[in-house]
Amino acid sequence: MKQLLQWTIIIPILSWALLFSGLIKDSSIFQIAASILLILSVMSAVHHSEIIAERVGEPYGTIILAISITVIEVSIIVSLMLSEGSEAASLARDTVYAATMLILNGIIGLCLLIGSIKHYEQNFSTSSVTIGLVSLISIIVFTLVFPTFTESVHGSYYSTPQLIFASIACLVIYGSFLFAQTKGYRQYFLTNGTNEDESKTHPIEINNKTFYTSLVFLLVSLGIVVLLAKTLSPTIETIIIGYNLPKSLVGVIIAIIILLPEAIAAIIAARKNRLQTSLNLALGSALASIGLTIPSVATVCIIMGMPIVLGLDIKSIVLLALSVFTVMLSLSKGKSNIVYGVVLLVNLFAFMFLMIYP
């Protein structure tokens, strides 16, 4: 009974009840409540996926967690694309681009800044960072840069064969990274120190009842996240358009919702002097956000015959290149610095500012 009274179980149930009540569309108060429940349901889904991940062990635990987050992202993107048609053709690109910028500049920037303020200087493995960044850069170019310059189709589109190739390339690269992180080069990604032992993060043994409860409520949480996001999306778009803001901000909002649990976990780890864990979370999330989302969305678009815009404009490519280059330099020495965190956060503010004032 005590387990059933946990907030990670109560929140999804309340969210489903609010959705079926039909009150969300008629009241701004209930829309605000639904927004709060949406964010909490995302955190609930991640919590349950972490319990499942701990029970099944690596590498399956990492795969389950990554797939859980990707299911949220893909489901929201696809549901909005199906409901809005060609008007949402660029939603996948906007969401993935926003997620990448938020991770590289926001999450990593905050971790470096907060960690440096509290601990002055923190160490991490340059080998793990190099593996993550090499994989990320290749995936970014294949998905967000090349479509702008290809000639088979006019505009920022891939032809169907090009889209299939890019999707396969993403999966191969992400699979290689996952193998390195969990098997081949796992020692590079481990946090050093007795107080940083990953095996001691969750000392409580996961019994069968807890495992199956988390399995059920992971599905329950994922389902309500998708439905609430789809229900609230017209309101979000109306607010954005009402303030004469670019529609691409919808992708930023979706990315923020998806990345919130990882961001909180990464920042907490940095405060506890576990920057390696923070970087593992950040770079792993960035790779999963692109490497799994784009192939999934591309598959749906090919089957349904829907258009998908992937290529960024020149200004966005320059901002993305600046972010990647800055992160590479910031993480090249294996030691943190408060200046690195400040510069990355300035890059994030520039991204937001130039989106609103292009």
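None of the values given here were measured: they were computed from a predicted structure.

1. So, the overall build of the protein
Here's step 1: Looking only at helices and strands, the protein features 12 helices and 0 strands.
Here's step 2: Reading the protein from its N end, one meets helices and strands in the order α-α-α-α-α-α-α-α-α-α-α-α.
Here's step 3: Out of the 358 residues belonging to the protein, those deemed buried represent 51%.
Here's step 4: Residue pairs in contact within the protein that sit at least 24 positions apart in sequence constitute 81% of those at least 6 positions apart.
Here's step 5: For the protein, the accessible surface area stands at approximately 16,800 Å², while carbon and sulfur atoms represent 68% of it.
Here's step 6: Charged side chains of the protein number 17 positive and 17 negative; the gap between the two group centres comes to 7 Å.

2. Considerations on helix 4 (residues 91-119)
Here's step 1: The end-to-end C-alpha distance of helix 4, which contains 29 residues, comes to 39 Å, matching closely the 42 Å that a straight helix rising 1.5 Å per residue would cover.
Here's step 2: Along helix 4, the helix axis deviates most sharply at Ile 103, where the bend reaches about 35°.
Here's step 3: Among the 29 residues that make up helix 4, 24 are buried, leaving the element largely enclosed by the rest of the structure.
Here's step 4: Directly beyond the C-terminal end of helix 4, a positive phi value near 70° is found at Tyr 120.

3. Comments concerning the pattern of salt bridges
Here's step 1: This model, assessed by the stated rule, comprises 2 salt bridges.
Here's step 2: Salt-bridge contacts for Arg 93 lead to Asp 94; the nearest nitrogen and oxygen are separated by 3.2 Å. For the residue pair Arg 93 and Asp 94, the accessibility class agrees, reading buried in each case.
Here's step 3: Here Lys 335 and Glu 121 are joined by a salt bridge, their closest N and O atoms 4.0 Å apart. Remark: Glu 121 occurs in the loop between helix 4 and helix 5 (126-149) and Lys 335 occurs in the loop between helix 11 (314-330) and helix 12 (338-356); sequence separation between them is 214 residues.
Here's step 4: Since its relative accessible area comes to 42%, Lys 335 is described here as partly exposed.

4. Re the confidence of the model for the protein
Here's step 1: For the protein, per-residue confidence averages 85 on the pLDDT scale, and 92% of positions sit at 70 or higher.
Here's step 2: Looking over the protein, one finds the lowest element-wise mean pLDDT in helix 3 (residues 60-84), namely 75, and the highest in helix 11, namely 95.
Here's step 3: When the criterion is pLDDT under 50, residues 193-204 qualifies, and its contacts beyond four places in sequence or with other chains add up to 10 contacts.

5. Things to note about the packing of aromatic side chains
Here's step 1: The final tally for this structure, using the stated rule, is 8 aromatic pairs.
Here's step 2: Judged by centre distance (5.9 Å) and plane angle (80°), the ring pair of Phe 142 and Phe 165 falls under edge-to-face. Of this pair, Phe 142 sits in helix 5 while Phe 165 sits in helix 6 (residues 160-184); the two residues are 23 residues apart in sequence, bridging distant segments of the chain.
Here's step 3: Residue classification places Phe 142 among the buried residues on the basis of a relative accessible area of 19%.
Here's step 4: Overall, Phe 165 belongs to the exposed group, its relative accessible area being 52%.

6. Focus on the nonpolar core
Here's step 1: In this structure, Ile 72, Tyr 97, Ile 108, Val 297, Leu 320 and Phe 351 are the most contacted members of the largest nonpolar core, which totals 103 residues.
Here's step 2: In terms of residue count, helix 4 provides more of this core than any other element does, 14 residues in total.

Criteria and cut-off values
- Per chain, residues are indexed from 1 in the order of the written sequence.
- The predicted nature of this model means local features are confined to residues of pLDDT at least 70 and side-chain atom pairs, given and counted, to a pLDDT of 80 or more, with totals for whole chains, interfaces and linings taken over all residues.
- Based on all heavy atoms of the structure, the side-chain values leave hydrogens and waters out of the count.
- Put simply, DSSP H or I for four residues or longer makes a helix, DSSP E for two residues or longer makes a strand, and each gets a number counted from the N terminus.
- With a 1.4 Å probe rolled over the protein chains alone, any residue whose accessible area is under 20% of its type maximum counts as buried; one over 50% counts as exposed, and the rest are partly exposed.
- Contacts are residue-level and defined by heavy atoms, with any inter-residue pair within 4.5 Å sufficient.
- Using the Shrake-Rupley algorithm and a 1.4 Å probe, accessible areas are obtained, with residue cover drawn only from the displayed protein chains.
- When charges are counted, Lys and Arg contribute as positive and Asp and Glu as negative, whereas His and the chain ends are disregarded.
- Charged side chains are reduced to one point each, which is NZ for Lys, CZ for Arg, CG for Asp and CD for Glu.
- Multiplying 1.5 Å by the helix residue count minus one yields the expected span of that helix.
- At every residue, the bend is computed as the angle between two fitted axes, covering the seven residues ending there and the seven beginning there respectively.
- In what follows, salt bridge is the name for a side-chain nitrogen of Lys or Arg lying within 4 Å of a carboxyl oxygen of Asp or Glu.
- Confidence of the prediction at every residue is given by pLDDT, a number between 0 and 100.
- For Phe, Tyr and Trp, where Trp contributes only its six-membered ring, two rings pair if their centres lie within 6.5 Å, and the inter-plane angle classes them as stacked under 30 degrees, edge-to-face over 60, or tilted in between.
- Working definition of a nonpolar core: buried Ala, Val, Leu, Ile, Met, Phe, Trp, Tyr and Cys residues. They are joined through side-chain atoms within 4.5 Å.

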